[in-house]
Structure formats: C-alpha cells, structure tokens
Amino acid sequence: MKLEKGVITNTQLIYLILSFLESMVISINFSYGISKQDTWIAVLAAFVITIPIMLGYTAIAKSYPGKNLIQINDEALGPYVGKLFSALYIWFLFELMIHYAYFFNSFWITYIMTETPRLVFVAIFILVSAFAVWSGIETIARCSVIFTIIVSITVVFVISLLLKDMKIVHFLPILDLTPKDFIQSVHIILTIQFCDLIAFLMIFPYTKNNKAIRKPMLLALCLSTLMLLIVVLVNTAVMGVRITNTTSVSFAITREIDIGNVLTRLDVLVALTLLATVFMKVSVFYYTTVLGLAQLLGLRSYKPLIVPIGLIAIAISANLYPSDMEQVYAGRNIWPFNAMLFEIILPLITLITIALRNLFKDTGGENE
Amino acid sequence: MFNYIQKVIRYRKMTSSGGSGAKESPEAPKESSDELSEDLEANIQLIQGIIVESNDLNIRRFVIGKKVKAAIIYIDGLVDKTLVNETILKPLMYHSEMDSPPETVDIDYVESELLFVGGIDSKQKVNEAVNKILSGDTVFLMDGAAKALIIALRGWKMRGIEEPETEATVRGPREGFTETLRINTSMIRRKIKNPNLKFETLTVGDRTKTDVCIAYITDLAKPELIEEVKRRLNKIKTEAVLESGYIEQYIEDAPYSIFATVGNSEKPDKVAAKLLDGRVAIIIDGTPFVLTVPCVFIESFQSPEDYYSRFAFTSALRMIRFTAFFISILAPAIYVALSTFHQELIPTQLILSMAAAHEGVPFPSLVEATIMLLFFEILREAGVRLPRPIGQAVSIVGALVIGEAAVTAGLIGAPMVIVIAVTAVSSFTIPAQLDSGTIIRIVLLILAGFLGGFGIAIGMFALLIHMVNLESFGTPYLMPIAPFDKSGLKDSFIRAPLWTMLKRPKGMSMDDVKQKKPSGPPPFNEN
C-alpha cells in the first residue's frame, strides 16, 4: 500500500533537490576553517567524488522502481537485516533533521536575535515544517520551486552588490594547505553537503517517471554545485583569509555591502533566504523520517507520527549542543564519520547485495 | 488512534445536532405529487390548496367559444399583463368565436391554433405547475384536459443594464450583469456566438427555488469539471439562496481558508473570457454577481482591461499590482520588525529621523501599528455602509483624526501614519484579495512584533504552504507559479502580447488546444 498518494514531476524533483542542496551555502562554513581560501578546490574535488556515489544511489533506486528505501531494504536484505538497516537510516534522517533545525537557529541566535531562547525558534520552525509535511510531498515540491527562485535571486543580487569588494589577490596563495586538511575538508563537504541526498531514496518512488531519476538528480547536483562554487568563490574573493574568523561567511560578507549609504547591512535579507533553504531541508528530512517510520511500523498513514516526531525533535534540537563551538567541532571532526556510515557504507552494502542477488538470479536461470 | 478520535467527534456532532435537527431538515413546501384531473374546478382547488391565500395570486376564469370553461392562473406583478390580455385572453375569448371552431375544443387545439405565444410547455403534475406559477409563468387550465399549459409571459420591473460599481474600467464594455438570470445569459450569449455555449439550469434552495444556471463551452470545459460543479450544486441542502455568495460558500473547496477559491464578477466580458479559458460560470437568479470556477490566485491580479490595452503598459501594471499586494500585506509587519528588531538595516539618517518622530510616542510600534490598522479598518467599514455623502464626511473626519491630530498629539509617530496609509492604498489595488489581505496583514504584523524578521519569514512560509496546498475544482491555486508552468507565466507577472499567448491556462481546459492559429507577428508589420 502506498503511504503517499502525491506524485511529483521530474522537473519538480530537480527543484526539490536544488532547494534541498542550497543550504550548502551555510553548511560549507565548517570547511572554511580548515581549507581556508582553497575551499573552492575542495568543493570541486568533493563534487567529482560525489558523482559515483550518486550513481550508486540511483542504481539502488532503479533496481527496485516504485519502492522507497525501507521497502528496498526489506527486499534486498531480507526482513530482519533489512528492518535493522531501515531503523538505522530512519535514525540518521531524524538526526539530520534535528541537526539542521539546531544549525539554522544557532546562526540566527548568534547574529540577529541574541536574547530570544532557542526553544522559540526551534518550536516555531518545526511547527511550520510539520504543516508542510502534513500537506505531503506534492506541497513540499511545489514550494521548492518558489524557494529555489527566491534563493537564486538573492544570491545574484548579493553577488552583484559585492562586485566592488572582490579581490583576486584573496585567493592567493593557492593550495597552501596540508593534504590532511584538504582531505578533511573534502570529506566534510562530501558528507555534510552532498551525500545528504540519500534522503531522496525515500522520495524517488513518488516521482512521475521513477525510472528516469538519474538525469534530474545529476542535473540538480551540477546546478547546485555550480551555485555553491560561485558562493564559495565570492566569499573567498571578498573575505580572503578572514574567512576563517566567522562561523557564517555568507552572512558576514553581506555586512560588507555598502551602496551609497542606502543599501547597508543586508544581512537580515540573507538570513531570511538561508532560513528558506534550511526550511526545505528540515521539511524533507522530517517528511522522510515520518514516512520511513510509518513504513517500518506498517501504518496506514504517516500523519499520526508527525506530531510525536516533531515534539521529540523540538526537545532534542533545542538542547543539542551546550555551545556553538562544540557544534562546529562536532561538524568538523565527528559528524563526517558518523554520516559516512549511513551515506556510504550502508548503501554500499545494499548495492553489493543487490548486485549479488542479480548475479545469482542470472546464474540460477542458466542452470534451469 | 486519530481515526478513532475523528469518529468520536463525528458521532458527537451527529448526536448533538439531532436535538436541534428541526433546523437541519426544514419543512419543505408540500410536495404534492398529485396529477391534474380533467375537472377544471378540482384542479383550481388543488392549486389553491398548495399556494396559500395571497392577494397577488390571480385566477381568471373564462369560457372558450361559449362552450368550454377555462382559467388562467398567474402571480400579479410577475407577468406582463398587456401580453397576457393580448395573447391569451383575446384570442381565446374573442377569436375563438370568429373562426369556425371544430366540434370539440380541446387543449391541443388551443395550443396549436389559438394561443399567440412563443414559449409554451405542458405539465401534468400539480406541483410543477405551481412552481411555474411562482416563477412568473402563466398557467392555463381547461375543462376536460388533464394537463396545464405553461405559458412563458414573464415580465416584471427590473433594473436596467448599468455600469457595475465594483469593477470600473477605463476601457472596455460598460455593461454589467443585472438581477435577472435570462438577461445575464443573453449578455454572455451575445459575447460568445458559439453553438457550443451551453446553459443548464438547476433549482437550489428548498424554499426559494432559486434558478441556478451553469454556463460552459462544451468543447472547452473539462467534462470532469462540469460533473464536479453539478455534483456540488446538487449536494447543496439549504432553505434559501439569495445571492451567489450562498452558493459560493457551499461549493468552495476550502471553506476554512482565507482565500476564496471561487471567483465572481459583474462584467459579462470578464465572464466570457473565463468561459473561453475552459472555466465554468454559475449564474444565479437575483444577483448580478456571476461565479466562475476554477479560480486561481493569479486571477486576482488580472483585470479584463489588461487585455484591451497594449502589453508593455499592462505588464508594468501587473508588476505594480503584485508589488502593491506585497506592500499591503507586508508593510506594517516589516516596519515593526525593522524598528523593533533590525534597526541596523535602516540607513542611519532615516533611523535618526524615525527615532526623533517616535520620541514622544508612548506605545511600542506593534501597538501603534495595531491601533492604526484597526482604526483604518473601522473607517473603511464605516465608509462602505453609510450613504455616500455621510460616508465621505466620516472618511474626512477619520483621516484628519488619524493623519493629523494623532501625530500632533503625540499618540502616533508620523512614519507609522505613512506606512499605514501606503498599506491602505495598496490594499485597494487588488479588490479580490481585500478580505484575505486584511487577515494576512494582521497575522504577519503580530508575528513580526514578537519574532521580527524570523516571524515574517515563518508566517510567509506557512502562507505559502497553505496556498500551494489549495485547489480550486482540481486546479492548483497557485497554478502558473507552483506547479510551475512556463506558458502560463506569459499571463501572470507580465501580460505578454496577445499573439504570443496561444495556449489556454494549463490544467483547466479540455487540453492545451491552440487558442487560435499562431498568427505570427502582428498584422501591418510585415515589411
């Protein structure tokens, strides 16, 4: 039985992935401190590594068209191991959701409304997100179109206002970092930025043409990498080595904008745009979490899970880290390894199992 | 679990309404299914038994050709008396003697030879005849005939065709719908001389028996849409339909939403344009407001005049309207958010003068803005309902009070007056969203007062999700924007030249048929 009746078109899927990945503009901040002005190289390297991983994800989805990750696990790995894998994936998606909910508001609390309790932001944010999840994947996908457009316009607008502040010299010296730092930076970008897309294995079956998902996925990946690259380049060109001083660069550079003493301090504008991107991300993770859990528990609808999951998420997310510095430490040193398990190792096992199954099926056919 | 709770709630509702169920199932007028008999007096008795003694009911008994007794029954004031005398009474009483009548004068002979009227129908059921009498038709009964002739000679005093007050135009037809259904349909028919234009009439309202007419073009409107409209109209259980608003509230998709998912218009040209897009119009007797479904958000920003003027200026106007809409819902909220939370966004010079203006004001900006908005809404309401001269006086007094005196007295800061004035003027740019805009504005204002920019953003997200979620008769409410439709964008934020708009709005009509053959660049431009 299908838990989600909505169907999204493949074009909407592109927009959904785009708006999902746009929040990279914030999460790239973990890398600046490590790879400094060479972050753009790390982005390119991570992109190159991402492509085979994405092909792996789409291969998993394609071998069971019309099935979501939980169903694929059940079929590929058997009922017991499959259920275990599914539970792990769901936990991971939930973890991502609460981390992003924390992430956005730590940024908001640090820079804009310093005296408001974190709980207020998290609670309201998850509440509206729950509304989106309640409305289903179609609504989220339709919203993503608008969010993508808004974010793109803001990026272009901010970049054009910053043109006069950019200096090529800020990129120098190029590749002035140890291989360890470079690998760490690539690793962070890979696991935190790109491979979050594992969540889309839950969404692919609800696309109209769920056999042709590779093209929209790669297209969206390329476009969003392009955007990320532009943002990183602009950030570096404006900030230079100062890029390591702040925890939110895209936000900090808009403070540099000063056009004729009229357009100044546009940081709130950027903050709102970033809010939109994180909103999409949290909504997608929220949605996939409740959908996966409903699938795992064999419910008829995922809607009864929205409120309890949301409440748990609010409670955890409001108290996730004692301070933002610890969050940055965790983001740089712990999270990439945690995420690697779910984003690379588990899918790899699934993929190998599927391949073996196909192999045995073929040979079995010959023997008969 | 939720299903169980829902069931319990539903059960409670059912049992609680059972007590006051009398209102739910109103006593319908006696639906007599009696057939007419061959006895004239018995038939008249039957009809008099249904229609209570009322002095506008007119029963005129007479004799045809000195042989057969007959009678006509009509409601005084609903029929054209001259015509009744000329075309029914005169031929029946006078001509019938001059000609050489056949041996037996029966009702078929009367119908085919004697009556000088175009619209004649015959009914056998008493209650059908009674309904026709009440609608303004004249009923002819005669001895020896077990049926009644329904003679359409309606005629009553009505308002002439005037220019509608709600949708004034500079360029374009000036006529507006009136209160009479037939005239309204004729006005649409005159715009669209197409054999496929179809009108279908239903009766809604147990007591009022209001005629509700569905209009559509058979090869443009989707059959599912027509079926859905009919299904919803037939499901209406109400005593009275006095205005199209009644119907609107019974058939709309999202009755709890602040957005209207049923459009209305007083202008035949607008309704004709919507029919040509594949929409369905619902014309209700007794009101000049014609409903059109499906209705999407973008329609609020389109005016028929857009298509009559040239495209560059119209496109600019469209963008002005969108800007005005956003100003009207966001301006007070943004002002409050800026002055309370994000002062750094305001240029230094401006914030200094704003601070100076706010110096002696005793309230925080949120309270200030709320008072001003409330006062504005009161003024507007007062101005609308009062007779025009008094209404103007109220507006002037109100405007003076809030504009001048409140500032001089130091109750309200001058910038706030500007913000509210801009908001108010902007909100009048899009009359169709006036009601929803008011609610959004106040909610966003409160959110901004408590959470600043974050509150506004969250409010807008929630609004967006809600709007994306809405559907009007199967068409998504934000149609050309989300889900995204490239060809639909030609008629949204801009209005592309007419010859480039070859397709009907997506998701509404039968298919994406070409509206007309691509005529290339405009004529007279070939060299």
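Residues numbered from 1 in each chain as written. Chains lettered and ligands numbered in written order. Predicted model: local features only at pLDDT ≥ 70, side-chain atom pairs only at ≥ 80, totals over all residues. Heavy atoms only, no water.

### Notes on a nonpolar patch on the surface
Quick reminder of the rule: Only residues whose relative accessible area exceeds 30% and that take part in no salt bridge are eligible for patches, with like-charged residues grouped when within 9 Å of each other and nonpolar side chains (Val, Leu, Ile, Met, Phe, Trp, Tyr) grouped when within 5 Å. Computed by Shrake-Rupley with a 1.4 Å probe, the accessible areas treat only the displayed protein chains as cover when residues are assessed. Salt bridges are identified by distance alone: a Lys or Arg side-chain nitrogen within 4 Å of an Asp or Glu carboxyl oxygen. The way it works is that DSSP assigns letters per residue, a run of H or I at least four long becomes a helix, a run of E at least two long becomes a strand, and they are numbered from the N terminus.
Taken together, the side chains of Leu348, Ile352, Leu356, Leu359 and Phe360 of chain A define a hydrophobic patch exposed on the protein surface, amounting to about 520 Å² of accessible area. Here Phe360 of chain A is to be found in helix α14 (residues 324-367).

### Points about the domain arrangement of chain B
Residues and elements named next belong to chain B. This is how the line gets drawn: As used throughout, domain bounds are those supplied by an automatic or database domain assignment. Between two residues, a contact is recorded if the distance between any of their heavy atoms is within 4.5 Å. As a working definition, buried area equals the accessible area (1.4 Å probe) given up by two parts on being put together, with both sides summed. Polar contact criterion, stated in full: a pair of N or O atoms within 3.5 Å, where within protein one must be able to donate a hydrogen and the other to accept it, and residues adjacent in sequence count only if both atoms are side-chain atoms. Just so you know the grouping, Ala, Val, Leu, Ile, Met, Phe, Trp, Tyr, Cys and Pro go in nonpolar, Asp, Glu, Lys and Arg go in charged, and all remaining residues, Gly too, go in polar.
As far as domains go, chain B holds domain 1 (40-151), domain 2 (181-307) and domain 3 (309-469). Here domain 2 and domain 3 have C-alpha centroids that lie 34 Å from each other. Contacts between the two partners involve 12 residues from domain 2, matched on the other side by 15 residues from domain 3. Both sides of the domain 2 and domain 3 interface together cover about 1400 Å² of buried area, and 65% of this is carbon and sulfur. Where domain 2 packs against domain 3, one counts two salt bridges. One salt bridge in this structure joins Asp306 and Arg321, with 3.0 Å as the shortest N-O distance. Linking domain 2 to domain 3 there are nine residue pairs in polar contact (both at pLDDT 80 or more). The residue inventory of the side of domain 2 that touches domain 3, partitioned by class, reads six nonpolar, four polar and two charged.

### A short note on the packing of aromatic side chains
Let me state the cut-off plainly: For Phe, Tyr and Trp, where Trp contributes only its six-membered ring, two rings pair if their centres lie within 6.5 Å, and the inter-plane angle classes them as stacked under 30 degrees, edge-to-face over 60, or tilted in between. Remark: exposure states derive from per-residue accessible area (1.4 Å probe, protein chains only) relative to the maximum for the residue type, with buried under 20%, exposed over 50%, and partly exposed in between. Two conditions define a charge located above a ring, namely a distance within 6 Å from the ring centre to NZ of Lys or CZ of Arg, and an angle within 35 degrees of the ring normal.
Per the stated rule, a full pass over the model turns up 26 aromatic pairs over all chains. Look at Phe20 of chain A and Phe285 of chain A: their rings are 5.3 Å apart centre to centre, the planes differ by 70°, and that puts the pair in the edge-to-face class. Here Phe20 of chain A, found in helix α1 (residues 10-21), pairs with Phe285 of chain A, found in helix α12 (residues 267-297); they are 265 residues apart in sequence, far enough to count as distant. Comparing Phe20 of chain A with Phe285 of chain A, the two get one shared label, buried. Between Phe147 of chain A and Phe279 of chain A the ring centres are 5.9 Å apart and the planes differ by 80°, which places this aromatic pair in the edge-to-face class. Of this pair, Phe147 of chain A sits in helix α8 (residues 137-162) while Phe279 of chain A sits in helix α12, placing them 132 residues apart in sequence. The structure contains a cluster of three or more aromatic residues connected by ring pairs, namely Phe259, Phe297, Phe301, Phe322, Phe325, Phe326, Tyr477 and Phe493 of chain B. Lying across the ring of Phe473 of chain B, Arg232 of chain B places its NZ or CZ 4.0 Å from the centre.

### Some words on the sheet that holds strand β6 (residues 197-204) of chain B
Residue and element names in this part refer to chain B. We apply this condition: Two strands qualify as a pair provided that DSSP identifies no fewer than 2 bridges between them. Between N-to-C directions, angles cover 0 to 180 degrees, with each direction set by a line fitted to C-alpha atoms, over the stretch in contact for helices.
The sheet built from five strands is open, its strands ordered β6-β7-β9-β10-β8 with antiparallel pairing. The open sheet has two edge strands, β6 and β8 (263-265), and neither has a second partner. Mean inter-strand twist for the sheet, computed between neighbouring axes without regard to direction, equals 25°. Here eight bridges tie β6 to strand β7 (residues 210-217), and the two strands are oriented antiparallel to one another. Of the residues in β7, the one forming a bridge with Lys198 is Tyr216. Running at roughly 160° to β6, helix α7 (residues 181-191) makes contact with β6, β7 and β9 (280-284) of the sheet.

### So, the packing of α1 of chain A against α8 of chain A
All names here are of chain A. The criterion, for reference: Roughly parallel here means an angle under 35 degrees, roughly antiparallel means over 145, roughly perpendicular means 65 to 115, and every remaining angle is called oblique. Take the far helix as the reference: if the near one is turned anticlockwise from it by less than a right angle, the crossing is left-handed, and if turned clockwise, right-handed.
Relative to each other, α1 and α8 sit at 65°, their axes nearing to 8 Å. The orientation of α1 relative to α8 falls into the category roughly perpendicular. The way α1 lies across α8 gives a crossing that is left-handed. Contacts between α1 and α8 pair Gln12, Tyr15, Leu16, Leu18 and Ser19 from the former with Ile137, Ile140, Ala141, Arg142, Ser144, Val145 and Thr148 from the latter.

### Quick look at the pattern of salt bridges
All names here are of chain B. In total, this model carries 33 salt bridges over all chains according to the counting rule given. Where Glu167 meets Lys270, a salt bridge forms, and the shortest distance between an N and an O atom there is 2.9 Å. In this pair, Glu167 is assigned in the loop between β5 (148-151) and α7 and Lys270 in helix α10 (residues 268-276), connecting sequence segments 103 residues apart. Residues Glu167 and Lys270 agree in their burial class; the two are buried. One salt bridge connects Glu239 with Arg207, and the closest N-O pair in it is separated by 2.9 Å. Of the two residues, Glu239 sits in the loop between α8 (223-235) and α9 (244-251) while Arg207 sits in the loop between β6 and β7, which places them 32 residues apart along the sequence.

### Considering the side chain of Arg279 of chain B
All names here are of chain B. Position of Arg279 relative to the elements: it lies in the loop between α10 and β9. Looking at Arg279, the relative accessible area reads 4%, which means it is buried. Reaching out from Arg279, the side chain makes a polar contact with the side chain of Asp277 at a distance of 3.1 Å. Discounting chain neighbours no more than four positions away, the residues touching Arg279 are Ala215, Tyr216, Ala221, Lys274, Val293, Pro294, Val296, Glu299 and Met508.

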